[in-house]
Each structure stands twice: as structure tokens, then as C-alpha cells.
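Below are the chains, spelled out letter by letter.
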Protein chains: 4
Amino acid sequence: MSKQITHTVRVEFGDCDPAGIVWFPNFFRWIDAASRRFFVQCGVPSWRETEKTWGVIGTPLVDTHSRFVCTATYGDALAIHTSIPEWRAKSFVQRYRVMRGEQLIMECEEVRIFAGRREGEPTSIRALPIPPEIRKLCG
Amino acid sequence: MSKQITHTVRVEFGDCDPAGIVWFPNFFRWIDAASRRFFVQCGVPSWRETEKTWGVIGTPLVDTHSRFVCTATYGDALAIHTSIPEWRAKSFVQRYRVMRGEQLIMECEEVRIFAGRREGEPTSIRALPIPPEIRKLCG
Amino acid sequence: MSKQITHTVRVEFGDCDPAGIVWFPNFFRWIDAASRRFFVQCGVPSWRETEKTWGVIGTPLVDTHSRFVCTATYGDALAIHTSIPEWRAKSFVQRYRVMRGEQLIMECEEVRIFAGRREGEPTSIRALPIPPEIRKLCG
Amino acid sequence: MSKQITHTVRVEFGDCDPAGIVWFPNFFRWIDAASRRFFVQCGVPSWRETEKTWGVIGTPLVDTHSRFVCTATYGDALAIHTSIPEWRAKSFVQRYRVMRGEQLIMECEEVRIFAGRREGEPTSIRALPIPPEIRKLCG
């Protein structure tokens, strides 16, 4: 099991739709920030640095599955608990639980890769083997 | 089987991240627009109108599952093909295939509800039975 | 002169564009949050509450002028210092300085109104006289 | 005077806030797309290409001034009319009028630069002299 990191978010007025509740793509914005925060808290350098050392330019998604349990609205403080329950050869599973106090708002499970560039194709990427240094940092 | 509606999107510079590819929450922005476009094309009025007639204020998500197949970048034209493969008592499945020409970029399957407000709780919602008028319009 | 409130923001990977710097509409997202934070810190209730008491549904923009001085990128911590240097009969000026440590990143000056709904037109708004209670709270 | 290019936008449900009107940072998202569309329509290659030829990685903002005249809501079709009324040595003025039919919704005037990278500083940029090829294409 990996470390677990908590990222906190305040829901803003502009994050909500005409129904007065969070417009759901914003949850994915926060989850992506929580994914990055996980690596930062574990000591992984920025993707600017890792591009030079390990060729890693980021952790794009392969698959994502989310379940929405309760609505949230502006003024709410959300805590996103993030972990990596599974490492595979060239991908990993990242899991999120978004809480408002004791109440589960939504949960999400993703498959992501560590991506490197394909030579000569600036917008084409490929999955790299998990860098052992990163895996070790994430405990 | 429902009608199938196509919603087109141009990927903009600002939709892309430092890796030069679409930042994934933007796919959910486009999918949400495609969901709404589906109903508009089928003749369903705006949620402003349906709130008055059937109490429907929108179609929030219960569950969403996406698979990312190819990256996209700015300048790309994407076609999002949307259908409703399944109606349940108080929810429905909406399915999307995002294509760049003949190439599948990503696909997504959601469970959504038709939401009404709970009395006296402006930001709390509940699932309404599928309005038969809407189901009929969606063919 | 009004109170001055500081709102802090972390720049995320997804806030940056293919040039690796903050995509500028995100500054306006943060400024809008800073505007709301100003009122929250001064003790003004949510717009859900003020709609019932004073008919205020939000503070839409009339005019905004911004100057961009330095770029910012992901990993940066920004502090947004917000004040209201001028109150008019039916509008007010709100000013922002976005800093990274001692370095000015951008600054912005807006004219906003307290908006109420026009009767019978749900998406049409009008400028209300400044509610004296709000002005007093903002010192 | 430059060419004038029109970029069209449909306002989506998720572009609107709890007051039911467009949340203003979305106007800047559309304006940034209109800015890029202007160059595309004039025949300027993508910034991926211009980085190789002229060192141009994009057109970041120096200054922006906007005036909001009417609200807009989802379902609206907006036309953004874009021109470059003034070229300076190392910057240019880009102007936008956002219309819904005959009605002016908002207008914006910006100062932008053609940015190149500073050597060895991946996220630091500098203003390049206006590339004469680009100026010629924009007529």
C-alpha cells in the first residue's frame, strides 16, 4: 500500500452551475491537482525536472471511473484523500475519496501512466516503465 | 435504442497542458455539452423551461467511466457521438464516442438522473422518475 | 479605504498551457474567487442568503482592466491582495494585486455591481443600490 | 487596418453560474480562442510550427480591458468579431466585439506580444519583434 495524501479544496461560486451545485468537470480538475499533490508530497520533482532525468512529462489518464454520492456547493471545504493501491508494469492505479467532513461526496479510481515523448512527434506520448525511484518515493 | 446525435468540438490552445495535449477535464466539459446537445437536438426544452413544467433542473451524474485511447491537441476537430442505450426507472445511461476522423480518441459511459429540487433545500436534489415526454422525444 | 483581504492560490499543472505558463483565463477564475473571499472574510453571507434578505444574487462585472507583469507556472504559490478602493451609488471598484513572494505577477481593477433579478426574467439582472449593511461590513 | 475574423461560440449550461448567466472567466476562454482563430484564418501556422521557424511559442497578454454590456446564458449563440487595430514594435493590440445577433454582449481590447523562450529558462518568456511574415499574413 502507498502513502495517503490529503489535498483540500474550497468550492467557489464559479465552480457551480445554474442548479447551484458543483459542475462535475470541476471535480476532475481537483482530482488532477490531488494526483499531482500526491507526488509532490512524496518528494517527486516537477514534470519539468523529471523530463530531464527520467523522460517523464506527466501522468496522463488511461481509464477513470467515478461515482457521485452527494452534491456540493460553494462555501464547502472538501478533502481529497489520495493513494496508489496498485502498481503495474507500465501503469498504476490512483484512488481518490472526496469528503466534506465525514460525508463522502464522490470517489474515483483511475489508471494512469508515466508518459514520455515519442521522438520527433511533440504531441505523441508513450507509456514508460514505472521509474523505480518514483515508486520508492511513493512508499 | 435512442437517436444518435453528433456534437463537434475544436480543441483550443488553452485546452492543452504543458505536455501539449488536451488536459483531460476538458473532455468532461465537452461531454457535458454533448449530453445537453443530445436533448436539445431531440427537442427537449432548456432546463429553465423544464423546471416549470416537469420540475427538472438538469441531469447530474451518478457514475461515469471513461477510457482514453489517443491523445488530442489544439487544432484537432473532434466529433462526439452521443446516444442513450438504456433507460431505467429513475436514471439513464448516456454513451459517448469521441472521434478525430476515423480514430477513436476516448469513450465514456455515464449514469445520469433527471434531478428535481428538494423542497426548502435549494442546493439539494433528488432523482425524478424519467418524464415520459422526454423519453418519447429521445426516441 | 476598505479592508484588505488576502486569498492564496497554488498554481496547478492543468492551469498551464503548452508554453508551460499560466493560461490567463485562470487568473480571472482566481480573481473571482478572491472577490467572493473578500466578502466572506468581511462577514457578508453567501449569495444564497443575500438573495432572500437584500435581493442580491451576486456581483457581476461591468468593467475589468488587467496588467500582466510576470509569468507564473505550476508549483507557484500566489497571494491575491483584494480591496475596495471606491464605492459608487450602484457600483464599486474592486482591486487585486497578485504576488509571488515580493514579485508582482499581475494586477487588476474591476467595476462590479450588486445584482438583483428582474421580475419574471430569470436570466436578466439589474444593478441594486449598494446595500448599506454590506458597505458597513466591508469597512 | 487588419482583416476581421468572426469566431462563433455556443454558450453551454456549464459555462453559467448559480445566477444562471455566463461566469465571466469563460468570456476570456472564448476570447483567447478567437485570438488564435484570427491567426489561423490569416494563415499563420500553429505555435508548434512557429517555435521552429520564428521562435514564437504563443501570444501572451500584457494588458486587457473589457466592458460587459449584457448578460448571456446557455443556449445563446455568440459571434466574436476580432481584428488587430494597431501594430507596435514588440506588441500588438487585438480587439474583440462579442455579439448575440445585433446586440453587443461585451467588448475587449488587449495588448499581446509574440513570445519566445529565454534560453535555459523553460518557463520564462520574452517579447520578440513582430515577425514581418505574420504581420503580412494578417493584412
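For clarity, every value in this text was computed on a predicted model and none was experimentally measured.

*Asks:* Would you explain the sheet that holds strand E3 (residues 77-87) of chain D in this entry?
*Replies:* By definition, the strands of a sheet pair up through backbone hydrogen bonds, in either a parallel or an antiparallel sense. The antiparallel open sheet is built from 10 strands, whose spatial order is E1(C)-E3(C)-E4(C)-E5(C)-E2(C)-E2(D)-E5(D)-E4(D)-E3(D)-E1(D). This sheet does not close on itself; its edge strands, each paired only once, are strand E1 (4-10) of chain C together with strand E1 (4-10) of chain D. Across this sheet, the average inter-strand angle for adjacent strands is 20°, counted without regard to direction. Bridge count between strand E4 (residues 92-100) of chain D and strand E5 (residues 103-112) of chain D: nine bridges; the pairing is antiparallel. Counted as the bridge partner of Met-99 of chain D is Leu-104 of chain D from E5 of chain D.

*Asks:* How should I be thinking about helix H1 (residues 25-42) of chain D in this particular structure?
*Replies:* Note on helix geometry: an α-helix contains 3.6 residues per turn, so any two residues three or four positions apart are oriented the same way. Residues and elements named next belong to chain D. Between its terminal C-alpha atoms H1 stretches 26 Å, which fits the 26 Å expected from 18 residues at 1.5 Å a residue. With 16 of 18 residues buried, H1 is to be regarded as a mostly interior element. Immediately beyond the C-terminal end of H1, within one or two residues, lies Gly-43, with a positive phi of roughly 100°.

*Asks:* What's the story with the relation of the copies chain B and chain A in this structure? I'm lost.
*Replies:* For these two chain copies, the linking operation is a rotation about an axis paired with a shift along it. Once chain B is rotated about the relating axis by 180° and shifted along it by 0.0 Å, it coincides with chain A to within an RMSD of 0.0 Å. On the angle and the small slide along the axis, the relation comes out as a two-fold axis. Proximity to the rotation axis, assessed at the C-alpha, singles out His-65 of chain B in chain B; its C-alpha lies 2.1 Å from the axis. The share of interface residues of chain B whose copies in chain A are also at the interface is 100%, consistent with both copies meeting through the same surface.

*Asks:* How should the relation of the copies chain B and chain D be read in this particular structure?
*Replies:* Between chain B and chain D, the superposition needs a rotation of 180° and an axial shift of 0.0 Å, giving an RMSD of 0.0 Å. Taken together, the interface assignments show that 100% of the residues at the interface of chain B recur at the interface of chain D, consistent with an identical surface on both copies.

*Asks:* Just checking my understanding: could you explain the state of the cysteines for this structure?
*Replies:* In protein structure, a disulfide is the covalent linkage between the sulfur atoms of two cysteines. Residues and elements named next belong to chain A. A complete count under the given rule lists zero disulfides over all chains for this structure. The cysteine Cys-42 is free of any disulfide, with Cys-138 supplying the nearest cysteine sulfur at 4.3 Å. With relative accessibility at 5%, the residue Cys-42 sits in the buried group. Between Cys-70, a free cysteine, and Cys-16, which holds the nearest cysteine sulfur, the sulfur-to-sulfur gap is 15 Å. A relative accessible area of 26% means that Cys-70 is categorised as partly exposed.

Scoring rules and cut-offs
- Residues numbered from 1 in each chain as written.
- Chains lettered and ligands numbered in written order.
- Predicted model: local features only at pLDDT ≥ 70, side-chain atom pairs only at ≥ 80, totals over all residues.
- Heavy atoms only, no water.
- Pairing = 2+ DSSP bridges.
- Helix = DSSP H or I, 4+ residues; strand = E, 2+ residues; numbered from the N terminus.
- Axes fitted to C-alpha atoms, helices over the stretch in contact; angles between N-to-C directions.
- Expected span 1.5 Å × (residues − 1).
- Buried < 20%, exposed > 50% of the residue type's maximum accessible area, 1.4 Å probe, protein only.
- Least-squares fit on C-alpha atoms with pLDDT ≥ 70 in both.
- Contact = heavy atoms within 4.5 Å.
- Disulfide = S-S within 2.5 Å.

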